[in-house]
Amino acid sequence: MSITQSFYDNMASQYDKLFLDWHSDVQQQAAILDRIFRANGFDNTARVLDCACGIGTQAIGIAALSYDVTASDISDNELAEARARADAKGVTIRFEHADFCALSETFSEQFDIVIAMDNALPHMLTREALESAVRSIAGRTARGGIFAASIRDYDSILTDKPPYSPPYIHCTEKGKRVSFQTWDWKGDNYHLTQYIIDDEETLDISKFECEYRATRRQELTDLMLSNGFIKVVWEFPEKTGFYQPIVIAAK
């Protein structure tokens, strides 16, 4: 099992603690994605693949808007969490275990829209691994379709390589939840340690570790254009309202 699989398997039951109100974020992010899809010529008749679905933060929201959604991930624990949350929401989603570097091993069909949100692509720790992911995703994107992904603003982050991320402090009716990350850099790669301090009814401290590679926008743009996409556009939080830059690649 890879460090990425272990990271998400271990964090699956606590991932929603990163949000003040996960259910509200699901609705807000779905509205943002819906605007992006419609701006690119699609409506809720489109077939969507969320190839890094996690606990369903995006997949559940867009399924609630009546999109035809398939969702996949490499973490079985996150898939189980996503299935339970989709059932609780009353939405229909096809869930599959799949590595987004090898989507054709699970899916023979192509999709109008493929998404990979929440900084999923920078889990690829080399340019070669990133290219394999882009090529795999392009292969499952229909001609005339789009791929949308979000990553951290690494172009800015790489100027000083900070050792940690600012904490999120969520005040709830029961107390506080604090989450933050430490980043240990080796070149453009970094070891991430995610801490979640849940000080609500009882004090609970959790720690999860993973690896990332800071991916510059131009590198990702170049790989998309050389692996089947014909147009790449970046949109930023001040326009979209999403918390990370979003890349939209048309095929």
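Every value quoted in this text rests on a predicted model; they were computed, and no experiment measured them. (Residues numbered from 1 in each chain as written. Predicted model: local features only at pLDDT ≥ 70, side-chain atom pairs only at ≥ 80, totals over all residues. Heavy atoms only, no water.)

**What about unusual backbone geometry?**
Turning to step 1, where the next piece is worked out: For Ser66, which is not glycine, the phi torsion reads 80° and is therefore positive.
Turning to step 2, where the next piece is worked out: Residue position: Ser66 is located in the loop between helix H3 (59-64) and strand E2 (68-73).
Turning to step 3, where the next piece is worked out: The phi dihedral of Asn119 is positive, around 65°, even though this residue is not glycine.
Turning to step 4, where the next piece is worked out: One can find Asn119 in the loop between strand E4 (111-116) and helix H5 (127-139). (Helix = DSSP H or I, 4+ residues; strand = E, 2+ residues; numbered from the N terminus.)

**Looking at the nonpolar core**
The tendency in soluble globular proteins is for nonpolar side chains to be buried as a group.
Turning to step 1, where the next piece is worked out: Judged by nonpolar contacts, the single largest core of 79 residues is most densely connected at Phe37 and Ile93.
Turning to step 2, where the next piece is worked out: Considering each element in turn, this core owes the most residues, seven residues, to helix H2 (residues 22-39).
Turning to step 3, where the next piece is worked out: In contact with Phe37, other than residues within four places in its own chain, are Phe42, Ile62, Tyr67, Ile113, Ile115 and Ile146. (Core = buried A, V, L, I, M, F, W, Y, C linked by side-chain atoms within 4.5 Å. Buried < 20%, exposed > 50% of the residue type's maximum accessible area, 1.4 Å probe, protein only. Contact = heavy atoms within 4.5 Å.)

**Observations concerning the packing of H5 against helix H7 (residues 217-225)**
Turning to step 1, where the next piece is worked out: Between H5 and H7, the least distance of the axes is 10 Å, while the angle of their chain directions is 50°. The angle between H5 and H7 places the two elements in the oblique class. Handedness of the H5/H7 crossing: right-handed. Across from Arg127, Leu130, Glu131 and Val134 in H5, the residues of H7 making contact are Glu219, Leu220, Leu223 and Met224. (Axes fitted to C-alpha atoms, helices over the stretch in contact; angles between N-to-C directions. Parallel < 35°, antiparallel > 145°, perpendicular 65-115°, else oblique. Left-handed = near helix turned anticlockwise from the far one by under 90°.)

**Description of the sheet that holds strand E3 (residues 94-97)**
Turning to step 1, where the next piece is worked out: Strands sit in the order E3-E2-E1-E4-E5-E11-E10 across an open sheet of seven strands; the sheet is mixed. Strand pairing shows two members of the sheet lacking a second neighbour, E3 and strand E10 (231-235), which therefore form its edges. Each adjacent strand pair in this sheet contributes to an overall mean axis angle of 20°, direction not counted.
Turning to step 2, where the next piece is worked out: The pairing of strand E1 (residues 47-50) with E2 spans four bridges and is parallel. (Pairing = 2+ DSSP bridges.)

**Side note on the pattern of salt bridges**
Turning to step 1, where the next piece is worked out: For the structure shown, the criterion picks out 18 salt bridges.
Turning to step 2, where the next piece is worked out: Salt-bridge contacts for Asp34 lead to Arg38; the nearest nitrogen and oxygen are separated by 3.0 Å. Here Arg38 and Asp34 lie together in helix H2, a separation of four residues that amounts to about one turn.
Turning to step 3, where the next piece is worked out: Residue class for Asp34 comes out buried when judged on its relative accessible area of 15%.
Turning to step 4, where the next piece is worked out: One salt bridge in this structure joins Arg216 and Asp188, with 2.8 Å as the shortest N-O distance. With Arg216 in the loop between strand E9 (203-213) and H7 and Asp188 in the loop between strand E7 (175-186) and strand E8 (189-199), this residue pair connects regions lying 28 residues apart in the sequence.
Turning to step 5, where the next piece is worked out: Residue classification places Arg216 among the partly exposed positions, given a relative accessible area of 38%.
Turning to step 6, where the next piece is worked out: Look at the salt bridges and you will find they share partners, linking Arg47, Asp68, Arg94, Glu96 and Glu109 into a network. (Salt bridge = Lys/Arg side-chain N within 4 Å of Asp/Glu carboxyl O.)

**Details of the side chain of Thr57**
Turning to step 1, where the next piece is worked out: Residue position: Thr57 is located in the loop between E1 and H3.
Turning to step 2, where the next piece is worked out: At 3.0 Å, the side chain of Thr57 and the side chain of Trp22 are in polar contact.
Turning to step 3, where the next piece is worked out: In contact with Thr57, other than residues within four places in its own chain, are Tyr15, Phe19, Trp22, Val26 and Gln29. (Polar contact = N/O pair within 3.5 Å; in protein donor to acceptor, adjacent residues only side chain to side chain.)

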